[in-house]
Amino acid sequence: MAFNVTGVERGEWAVLQVRGELDLMTSPVLRQRVHDVVAEGHHSLVVDLSDVFFCDSSGVGVLIAARRLIRSCQGQLRLILPDRGADDGSHVNRVLGALGVRRLFDCHPDLDTATTDEADPLSA
């Protein structure tokens, strides 16, 4: 699966759907897309990691930088890590958990819950 990042809008939320491997070679693409979304005036961002099957420390670094950028704009960042996450060995879930940073993120199981304010985030 080739890496790509596609963007859509869902109400007040900008959604970046990430597919493929999030690593040293591809993480700059996601970093740029996050910066583009913020430059366009969106401060509510969902990053959908459902279709990411590999994430290294550079990918995690981009997610942490995105969190910092959105927070500096008084915005909100939510990640989509599906329900099956830790149970079936979701790579992104395992990496964030192993590095002790998953608790930094507002994680949701799907796009519907990530883009509604009534949703309770998944516990870390």
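Going by the structure above, here's the rest.
Asks: Report on the overall build of the chain, specifying residues and quantitative values.
Replies: Helix and strand counts for the chain stand at four helices and five strands. Seen in sequence order, the chain has helices and strands lined up from the N terminus as β-β-α-β-α-β-α-β-α. A total of 124 residues make up the chain; the buried ones form 45% of that total. The contacts of the chain with a sequence gap of at least 6 include a subset with a gap of at least 24, amounting to 68%. Carbon and sulfur atoms form 50% of the exposed surface of the chain, whose accessible area is close to 6,300 Å².

Asks: Provide a residue-level description of the sheet that holds strand β4 (residues 76-80), including the pertinent values.
Replies: With respect to topology, five strands assemble into an open sheet ordered β1-β2-β3-β4-β5, the strand pairing being mixed. Each of the sheet's edge strands pairs with one partner strand only, and the pair in question is β1 (4-10) and β5 (106-108). Each strand axis lies, on average, 25 degrees off the axis of its neighbour in the sheet, ignoring direction. The sheet contacts of helix α3 (residues 91-98) involve β3 (44-55) and β4, and relative to β3 the element is tilted by about 105 degrees.

Asks: Now, about unusual backbone geometry: what can you tell me, with residues and values included?
Replies: Here Gln74, not a glycine, exhibits a phi torsion of approximately 55 degrees, which is positive. Relative to the assigned elements, Gln74 resides in the loop between α2 (57-72) and β4.

Asks: Can you break down the environment of Arg33 residue by residue, with the values?
Replies: Note that Arg33 resides in helix α1 (residues 27-39). Put simply, Arg33 and Val5 are 28 residues apart on the chain and 7.8 Å apart in space, counted from C-alpha to C-alpha. Aside from chain neighbours lying at most four places away, what touches Arg33 is Val5, Thr6, Gly7 and Leu16.

Asks: I'd like a description of the pattern of salt bridges, backed by residues and values.
Replies: The final tally for this structure, using the stated rule, is three salt bridges. In this structure, Arg19 and Asp51 form a salt bridge, with 3.3 Å as the shortest nitrogen-oxygen distance. You can see Arg19 sitting in strand β2 (residues 13-22) and its partner Asp51 sitting in strand β3, a full 32 residues away along the chain. Judged by relative accessible area, which is 33%, Asp51 ranks as partly exposed.

The rules behind each value
- Residues numbered from 1 in each chain as written.
- Predicted model: local features only at pLDDT ≥ 70, side-chain atom pairs only at ≥ 80, totals over all residues.
- Heavy atoms only, no water.
- Helix = DSSP H or I, 4+ residues; strand = E, 2+ residues; numbered from the N terminus.
- Buried < 20%, exposed > 50% of the residue type's maximum accessible area, 1.4 Å probe, protein only.
- Contact = heavy atoms within 4.5 Å.
- Areas by Shrake-Rupley, 256 points an atom, 1.4 Å probe, with all protein chains shown as cover.
- Pairing = 2+ DSSP bridges.
- Axes fitted to C-alpha atoms, helices over the stretch in contact; angles between N-to-C directions.
- Salt bridge = Lys/Arg side-chain N within 4 Å of Asp/Glu carboxyl O.

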